[in-house]
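Here is how the chains run, residue by residue.
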Amino acid sequence: MSISSHKLLDKETKASVAQDENGAAGGAFNTHNREEFYNRLGNTDNDHTNENTRIACSSRAGNSNYSWSRENRQHNSNEAFKRGSGLCGLVNPNRICFMNCVVQCLAHCPPLADYFLDDRYMRELNLTNPRGTKGEMARTFGVLLKNMWSGEHKYLLARDFRMHAEKFTNQYDPFQQEFDAQEFLTFVLDNLHEDLNRAKEHKGGITIETEGRPDPELAKETWDVYLKRNDSIIVDLFHGLLRSKLICPNCETVSVKFDPMCFLSLPLPVDKEKVFKILYVPHDQTKNETRYEVKASESSRVRDLLAKLSTWIGCETERLVLAAVSNHHIHKFFSRDDSLEVVNVAYRAGLHVYDIPEAHHLSPAPATTTLIPVYHWEVKSTSDTSVTANNRMTSFHPCLFGTPALISLPTAPLKYETIHSLIASKLSRYIRFTSNINDNRLKSEDDMDIDSENESDKEPPEEAFTLHVVNTKDASSAKRIPNNGQLIKFPEYQGDQCLVLQWTTSSMRKYFKSQTPNQDSSLLTLENKARKLNLQDCLDIFASTEKLESGNTWNCPSCKKPSVGGTKKFDVWTLPNVLIINLKRFSYIVNRHDKLNKKVDYPLENLKLNDYLVNKNHAPVSYNLIGVINHYGGPSEGHYTAFAKNRMDNQWYCFDDSNIHKLKEKDVVTSTAYVLLYMKNDLMKEENQT
């Protein structure tokens, strides 16, 4: 079954959605005609509950043994909520997929959903907690879940929940940008916790003495102190306890501390060697372009990458130049001393290596020739450009195509026809010669001493392209090189600009040869040949001892000195009823964001974590997967969806905003998984029995 908002919304509503998206700044709702739009949409989460409902803030003790009791599921049968299928989509009017996927996963977490659907949250609303939202977040979330599970709606616009979420994001507005779903999930759980906090104490903290005390005693005191200020359904379900252990490098004192956790953030194995995909562009025009994959360490330099490539292509390393290319344009030439870490983060997807003529790798470079970047531009017809008297284009809308070239031209003054023929010969890999265009007059560098008088007596060959110079930062500065018989000199004429071959559509079809690069045997894809990853690999890294970097200092409680370095280790002491695992796919390196798209195999059933528990008194625990938040796209933009297991038919579904479709179990594990929600098996069994 597929439910699409585009099919369900009427024409008028679709127009309103489009208008709202265009008018809203960065994804926030417009206030203009907002109510009219929501009323026309019809199905919203704005069902009004009885404002006169008597609310009592319970002072019930916290569930300190992390168990979900069947007694907590009992409710007044007269107020039992009749549930539908729970297959209700959420409309995405303007970039709120991060919110929709979080709501879907929480709505399909049975113990949390029961708590709201049975109105038990109304008895525990804390309206006086200064850290909460006066109950507004919890109430709007409860109303939204009831509408989603009512069976009356195929889709909803979560208007009230979104408006209250916007209202209580104090330091930032997640709806004004592409927001992170994991951070938004943290925000929702934190606010629900404070709105439903049964604890009465909210001020101050208690210092817990840790030195020399046994772990069980220290863990129990830490948790008891935590429950005095934090006691809610969110703590009951989602919170566990972590142990961190620091070893001072000065006095070797072991410092142990326990901290509550709501997420288990697992790093992904990072291969120290990266695969760089390179297009090799030979200087010899009889050779075709070839694609390679070269594996090199990020800690190495560009020269090391070029050295590996040179052994494959049989070319001296000194002749090779590495460039970053995108959209048929050279953005940057790299120095041989540049770090591959910078190259990997910023430009790994579009790297070209050029083989330059022998003389140009010498230092100093020869004065008789100069290297010039050359691009190909297409215009629909020659009438698309208007050239003024000073040969500057006043209307120019080219389209870049083909592989950028790097050629050498003489610095001696030459005529236009000579330069045109010379460029054609140096790009013969891309040009289809005919008797008209060739006419046996294409020149090589050895034929440049032609008598100018004899040259002027000949008719110029047919032009497949015209020559222009363009400032790389301003395409509107394109200026055609005139064919007026005057001598042209490079680089004075070129200056800081690049050389452009402008083709018309007709001449391009007639003379330009499209290239299909050769595929080197290295393109068996080194990345895919690597060992498959699973969740245990990530857990092993999490539980490993970390050597602290030199810049990471901390105060040792024993020697009272700032400790530089040392070791740190995290361990799980107590596991929650619902375990949220965050796969740390995103990183921030050298002023740029990066994302790891590796597939991590994770079990759908019977995830066992006892091997990673340092608390030997902890009962055996196994988990079943109930939800997944997926991220598609790059490190700074993309789209979120949710996979969730429906409790009514025990089937997996994909929730892509207002679109819903059933999933096969084999399709639940993907390389896009970002956040995983697991529930204890004993809770799952209780759910099935109920």
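Everything that follows concerns the structure shown earlier in this document.
The structure displayed is predicted, hence computed values, not measured ones. (Residues numbered from 1 in each chain as written. Predicted model: local features only at pLDDT ≥ 70, side-chain atom pairs only at ≥ 80, totals over all residues. Heavy atoms only, no water.)

Draft legend 1. Structural detail: helix α11 (residues 302–313). Over its 12 residues, α11 runs 17 Å from end to end, which matches the ideal 16 Å to within 8%, given 1.5 Å per residue. Listed in full, the buried residues belonging to α11 are V302, L305, L306, L309, S310 and I313. Each buried residue of α11 lies within a common arc of 135 degrees when the element is viewed along its axis, so the set occupies one face. (Helix = DSSP H or I, 4+ residues; strand = E, 2+ residues; numbered from the N terminus. Expected span 1.5 Å × (residues − 1). Buried < 20%, exposed > 50% of the residue type's maximum accessible area, 1.4 Å probe, protein only. Arc of directions from axis to C-beta.)

Draft legend 2. Quick peek at the pattern of salt bridges. If you walk through the whole model with that rule in mind, you get 19 salt bridges. Salt-bridge contacts for K257 lead to D259; the nearest nitrogen and oxygen are separated by 3.9 Å. When its relative accessible area of 47% is taken as the criterion, K257 is described as partly exposed. Classification of D259 as partly exposed rests on a relative accessible area of 30%. Here K569 makes a salt bridge to D571, at a shortest N to O gap of 2.5 Å. (Salt bridge = Lys/Arg side-chain N within 4 Å of Asp/Glu carboxyl O.)

Draft legend 3. Layout of the sheet that holds strand β3 (residues 240–247). In spatial order, the strands read β4-β3-β23-β20; together these four strands make up an open sheet with antiparallel pairing. Looking at which strands have only one partner, the edges of the open sheet turn out to be β4 (254–261) and β20 (546–547). By the bridge criterion, seven bridges tie β3 to strand β23 (residues 567–574) in an arrangement that is antiparallel. Looking across to β23, one finds that K245 is bridged to K569. Across the face of the sheet, helix α9 (residues 215–229) comes into contact with β3, β4 and β23 while running at roughly 35 degrees to β4. (Pairing = 2+ DSSP bridges. Contact = heavy atoms within 4.5 Å. Axes fitted to C-alpha atoms, helices over the stretch in contact; angles between N-to-C directions.)

Draft legend 4. Geometry of the side chain of D180. Along the polypeptide, D180 turns up in the loop between α7 (159–167) and α8 (181–195). Here the side chain of D180 touches E183 through a polar contact of 3.0 Å, landing on its backbone nitrogen. (Polar contact = N/O pair within 3.5 Å; in protein donor to acceptor, adjacent residues only side chain to side chain.)

Draft legend 5. Expanded view of the environment of H631. Tracing the backbone through its elements, the reader meets H631 in strand β29 (residues 622–632). Counting along the chain gives 533 residues from H631 to F98, while the straight-line C-alpha distance between them is 9.0 Å. When sequence neighbours within four positions are dropped, the list of residues in contact with H631 reads F586, K595, E637, G638, H639, Y640, T672 and Y674. A polar atom in the side chain of H631 sits 2.8 Å from the side chain of K595.

Draft legend 6. How the structure looks around the nonpolar core. Judged by nonpolar contacts, the single largest core of 65 residues is most densely connected at F116, F161, F184 and F238. The element contributing the most residues to this core is helix α4 (residues 97–107), with nine residues. Grouped together as the second largest cluster of nonpolar side chains are 43 residues, L279, V374, L467 and V469 included. (Core = buried A, V, L, I, M, F, W, Y, C linked by side-chain atoms within 4.5 Å.)

Draft legend 7. View of the pairing of strand β32 (residues 659–663). One ladder, built from five bridges, connects strand β31 (residues 652–656) with β32; its direction is antiparallel. Its bridge partner being in β32, F655 is matched across the sheet by I660. What sits between the antiparallel neighbours β31 and β32 is a turn of two residues, in which D657 has the positive phi angle 55 degrees.

Draft legend 8. Representation of the packing of aromatic side chains within the structure. In total, this model carries 16 aromatic pairs according to the counting rule given. Ring geometry for F98 versus F184: centroids 5.3 Å apart, planes at 80 degrees, classification edge-to-face. You can see F98 sitting in helix α4 and its partner F184 sitting in helix α8, a full 86 residues away along the chain. Across the pair, F184 and F98 agree in class, each one buried. (Phe/Tyr/Trp six-rings, centres within 6.5 Å; stacked < 30°, edge-to-face > 60°.)

Draft legend 9. Geometry of the sheet that holds strand β18 (residues 518–519). With mixed pairing, the six strands of this open sheet are ordered in space as β9-β8-β10-β6-β7-β18. Looking along the sheet, the strands with just one partner apiece sit at the ends: β9 (329–333) and β18. In terms of strand pairing, strand β8 (residues 320–326) meets strand β10 (residues 351–355) through five bridges, oriented antiparallel. Bridge pairing in β10 links L322 to V353.

Draft legend 10. Main features of empty space enclosed by the protein. Counted according to the given criterion, the structure contains one cavity of 30 Å³ or more. The volume enclosed by the largest cavity comes to roughly 40 Å³. Taken together, L264, L539, F542, V572, L575, L609 and Y612 make up the full set of residues lining the largest cavity. Of the residues belonging to the lining of the largest cavity, the class tally is seven nonpolar, no polar and no charged. (1 Å grid on protein atoms, 1.4 Å probe; cavity = no way out; pocket = protein on both sides within 12 Å on 5 of 7 lines; lining within 4 Å. Points joined across faces, edges and corners; volume = space filled by probe spheres on them. Nonpolar A, V, L, I, M, F, W, Y, C, P; charged D, E, K, R; others polar.)

Draft legend 11. Region of the structure containing unusual backbone geometry. You will see that D119, though not glycine, has its phi angle at about 65 degrees, which is positive. Looking at D119, the relative accessible area reads 21%, which means it is partly exposed. Residues other than glycine seldom take positive phi values, yet N650 does so here, at roughly 60 degrees. Structurally, N650 can be placed in the loop between β30 (639–645) and β31. Judged by its relative accessible area of 46%, N650 is partly exposed.

Draft legend 12. A look at the packing of helix α6 (residues 136–148) against α8. At their nearest, the axes of α6 and α8 sit 8 Å apart, and the two run at 110 degrees to each other. Comparing the axis directions of α6 and α8 gives the class roughly perpendicular. Judged by the twist between their axes, the crossing of α6 over α8 is left-handed. Here E136, M137, A138 and F141 of α6 come into contact with α8, specifically with F187, N191, L192 and D195. The residue makeup of the contact of α6 with α8, split by class, is five nonpolar, one polar and two charged. (Parallel < 35°, antiparallel > 145°, perpendicular 65-115°, else oblique. Left-handed = near helix turned anticlockwise from the far one by under 90°.)

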